[in-house]
Amino acid sequence: MCGRFAFFSAAEAVQQLFGVDDASLAVTPQYNIAPTDLAAVIRQTDSGRSLGMLHWGLLPFWAKDKKMAARMINARAETVAEKPAYRAAFKSTRCIVPADGYYEWVTRDGEKHPWYITDERDRPLGMAGLWSSWTAPDKSETRETFTVLTTEAVGSIASLHHRMPVMLDDVTAEHWLAGGDSNPPALRDIIAVGHATPLRAWRVSRAVNNARNEAPELIQPANDDE
């Protein structure tokens, strides 16, 4: 799964990798994005790809309240097309969630240690996502929310966790963001296999466990006593 992530890349990297080219690129660096936090999401609009800030934890339009959002941060790629909470978004409101890396926790010697996972080429990741617009039943609030798709972990990452985000490259991202559900088998192929992004990981300080902590030091390799 993906329960925390970071996004701090410069606008130029986002433009080059994801084709976003508008004023919305001025995003404050985030090193400890937690469930229900606002985070950057890339969506396709009539005028091109746009980056906006959405809440992490997808709320389907029929949700009675926003309490379920924290449980909806990830969607399994294997079942997303059929699950009632995600199938509408899968058909028409797909997105890319840019990240410089994400965290997983590994239990060793009875303690959980956080690890930071990132592209070994030092470039942002493009995680496949879905988004939805939700309005409270009493009309008191409207918010846009998203979820990150996950699949079976591969390579060295499987030793840290059995799930990982579905990664997109230029080609798969183009089809993933295309409007509508014109080719369901192709979409399922994308999220079943994803993109073989070369990843590397290292252990980081347990300071990341506290969602209130926010600093570049969170992604630095941990000392032996951390």
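What comes next is a walk through the structure. (Residues numbered from 1 in each chain as written. Predicted model: local features only at pLDDT ≥ 70, side-chain atom pairs only at ≥ 80, totals over all residues. Heavy atoms only, no water.)

**Section: the overall build of the chain**
Summing up its helical and strand segments, the chain has four helices and 12 strands in all. In terms of overall size, the chain behaves like a compact globule, its C-alpha atoms giving a radius of gyration of 17 Å where 226 residues would be expected to give roughly 17 Å. Overall, the chain is about 50 × 40 × 35 Å in size when its C-alpha atoms are taken along their principal axes. Looking at the chain alone, contacts between residues at least 24 apart form 66% of all its contacts between residues at least 6 apart. In the form shown here, the chain has an accessible surface area of approximately 11000 Å², with 51% of it arising from carbon and sulfur atoms. (Helix = DSSP H or I, 4+ residues; strand = E, 2+ residues; numbered from the N terminus. Rg over C-alpha atoms; globule rule 2.2 N^0.38 Å. Contact = heavy atoms within 4.5 Å. Areas by Shrake-Rupley, 256 points an atom, 1.4 Å probe, with all protein chains shown as cover.)

**Digging into the pairing of strand β9 (residues 125–135)**
For β9, the buried fraction is high: nine of the 11 residues fall into the buried class. Looking at chain direction, strand β6 (residues 94–99) and β9 are connected through six bridges and run antiparallel. The residue of β9 that forms the bridge with proline 98 is glycine 126. Examined bridge by bridge, β9 and strand β10 (residues 142–152) share seven bridges and lie antiparallel to one another. Bridge pairing in β10 places leucine 130 opposite threonine 147. (Buried < 20%, exposed > 50% of the residue type's maximum accessible area, 1.4 Å probe, protein only. Pairing = 2+ DSSP bridges.)

**A closer look at the pattern of salt bridges**
Tallying each qualifying case throughout the model produces nine salt bridges. Ionic pairing is found between aspartate 122 and arginine 200, a salt bridge with its closest N-O pair at 2.5 Å. Within this pair, whereas aspartate 122 is found in the loop between β8 (111–119) and β9, its partner arginine 200 is found in strand β12 (residues 199–203), the two being separated by 78 residues in sequence. Residue aspartate 122 is classed as exposed on the basis of its relative accessible area of 60%. Across the pair glutamate 152 and arginine 163 runs a salt bridge, and its minimum N-O distance is 3.4 Å. (Salt bridge = Lys/Arg side-chain N within 4 Å of Asp/Glu carboxyl O.)

**A closer look at the packing of aromatic side chains**
A full pass over the atoms with the stated rule returns seven aromatic pairs. Measuring from ring centre to ring centre gives 5.5 Å for tyrosine 116 and tryptophan 202, while their planes differ by 55 degrees; the resulting arrangement is tilted. One end of the pair, tyrosine 116, is in strand β8; the other, tryptophan 202, is in strand β12, and 86 residues separate them in sequence. An aromatic cluster of at least three residues, connected via ring pairs, comprises Tyr103, Trp105, Tyr116 and Trp202. Geometry around tryptophan 131 places arginine 43 over its ring, the cationic atom sitting 4.4 Å from the centre. One cation-aromatic arrangement involves arginine 94 over tryptophan 176; the distance from NZ or CZ to the ring centre is 5.6 Å. (Phe/Tyr/Trp six-rings, centres within 6.5 Å; stacked < 30°, edge-to-face > 60°. Lys NZ or Arg CZ within 6 Å of the ring centre and 35° of its normal.)

**Observations regarding the environment of aspartate 170**
As for its position among the elements, aspartate 170 is in helix α3 (residues 170–177). Using a relative accessible area of 52% as the deciding quantity, one classes aspartate 170 as exposed. Considering only alpha carbons, one finds aspartate 170 and alanine 39, 131 residues apart in sequence, at a separation of 21 Å.

**Brief notes about helix α1 (residues 11–18)**
Regarding α1, the residues found buried are Val14, Leu17 and Phe18. Each buried residue of α1 sits inside an arc of 80 degrees when the element is viewed along its axis, so together they form one side. More than 90 degrees from the buried face of α1, the exposed residues found are Glu12 and Gln16. Looking at the buried side of α1, the elements it contacts are β1 (4–7), β3 (38–45), β4 (48–56), β6, β9 and α3. In the stretch just after α1, glycine 19 is the one whose phi turns positive, near 70 degrees. (Arc of directions from axis to C-beta.)

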